[in-house]
Amino acid sequence: VQLQASGGGLVQAGGSLRLSCAASGSSRSISNINTIGWYRQAPGKQRELVAVITSGVTNYVDSVKGRFTISRDNAKNTVYLQMNSLKPEDTAVYYCNAKLLPLLNAYWGRGTLVTVSS
């Protein structure tokens, strides 16, 4: 499966951005996506989970709860991350990630940079 992320950019603190991740590949690979979502890596820090969907259940890192919303459009094979009330500490490269059944092999898209200015 291939993952194409888009939607990053520069925004002022308090602003909003929406990231998109389009999955492509064989119908079998798409149907085997068990978990899909977003990770981020800020300069000098480890990559961390931001938000993921597993069988319709969402999971968020505490720091984005109430501000970010992840959603999935199965018809478009796309997952979105709506980011509101952005803070400078949200600045990072955001990566789309999918884990496929049966072995939960991980696939990564190219990152998209989100920069939040104070």
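A brief look at the structure comes next.

Reading the values: the criteria
- Residues numbered from 1 in each chain as written.
- Predicted model: local features only at pLDDT ≥ 70, side-chain atom pairs only at ≥ 80, totals over all residues.
- Heavy atoms only, no water.
- Helix = DSSP H or I, 4+ residues; strand = E, 2+ residues; numbered from the N terminus.
- Rg over C-alpha atoms; globule rule 2.2 N^0.38 Å.
- Buried < 20%, exposed > 50% of the residue type's maximum accessible area, 1.4 Å probe, protein only.
- Disulfide = S-S within 2.5 Å.
- Contact = heavy atoms within 4.5 Å.
- Polar contact = N/O pair within 3.5 Å; in protein donor to acceptor, adjacent residues only side chain to side chain.
- Core = buried A, V, L, I, M, F, W, Y, C linked by side-chain atoms within 4.5 Å.
- Salt bridge = Lys/Arg side-chain N within 4 Å of Asp/Glu carboxyl O.

### Remarks on the overall build of the protein chain
Okay, so step 1: The helix and strand tally for the protein chain stands at 1 helix and 11 strands.
Okay, so step 2: Listed by position from the N terminus, the elements making up the protein chain come as β-β-β-α-β-β-β-β-β-β-β-β.
Okay, so step 3: Here the C-alpha radius of gyration of the protein chain, 14 Å, is about what a compact globule of 118 residues would show, namely 13 Å.
Okay, so step 4: In terms of its C-alpha atoms, the protein chain occupies a principal-axis envelope of roughly 45 × 25 × 25 Å.
Okay, so step 5: Within the span of the protein chain, comprising 118 residues, buried residues form 41% of the whole.

### Considerations on the state of the cysteines
Covalent bonding between the sulfur atoms of two cysteines defines a disulfide.
Okay, so step 1: Across all of its chains, the model carries 1 disulfide by this definition.
Okay, so step 2: Residue pairing for Cys-21: its cysteine sulfur links by disulfide to Cys-96, the two sulfurs lying 2.0 Å apart. The S-S bond linking Cys-21 to Cys-96 shows a torsion near -85°; that makes this disulfide left-handed. Separated by 75 residues along the polypeptide, Cys-21 in strand S3 (residues 17-24) and Cys-96 in strand S9 (residues 92-100) bring together distant segments of the chain.
Okay, so step 3: Residue Cys-21 is classed as buried on the basis of its relative accessible area of 0%.
Okay, so step 4: On the accessibility criterion, Cys-96 (0% relative accessible area) is buried.

### A closer look at the environment of Thr-54
Okay, so step 1: Positionally, Thr-54 belongs in strand S5 (residues 48-54).
Okay, so step 2: A residue is classified by how much of its surface remains accessible, and Thr-54, at 27% relative accessible area, is partly exposed.
Okay, so step 3: Between the alpha carbons of Thr-54 and Ala-98 there is a distance of 9.9 Å; along the sequence they are 44 residues apart.
Okay, so step 4: In this structure Thr-54 touches Asn-34 and Thr-35, once residues within four positions along its chain are discounted.
Okay, so step 5: At 2.8 Å, the side chain of Thr-54 forms a polar contact with the side chain of Thr-35.

### Topic: the nonpolar core
Okay, so step 1: In this structure, Trp-38, Leu-81, Met-83 and Tyr-94 are the most contacted members of the largest nonpolar core, which totals 31 residues.
Okay, so step 2: When contributions to this core are tallied by element, the ones reaching two or more residues are strand S1 (2-6), S3, strand S4 (33-41), S5, strand S7 (68-73), strand S8 (78-83), S9 and strand S11 (112-117).
Okay, so step 3: By residue number, the principal contributor to this core is S9, which donates 5 residues.
Okay, so step 4: Aside from chain neighbours lying at most four places away, what touches Leu-81 is Leu-17, Arg-18, Leu-19, Trp-38, Val-50, Ala-51, Phe-68, Thr-69, Ile-70 and Tyr-94.

### Brief notes about the pattern of salt bridges
Okay, so step 1: Applying the stated criterion across every chain yields a total of 4 salt bridges.
Okay, so step 2: Linking Asp-62 and Lys-65 is a salt bridge whose minimum nitrogen-to-oxygen distance equals 2.9 Å.
Okay, so step 3: The partner of Arg-67 in a salt bridge is Asp-90, and the shortest N-O contact between them spans 2.8 Å. In this pair, Arg-67 is assigned in the loop between strand S6 (57-60) and S7 and Asp-90 in the loop between S8 and S9, connecting sequence segments 23 residues apart.

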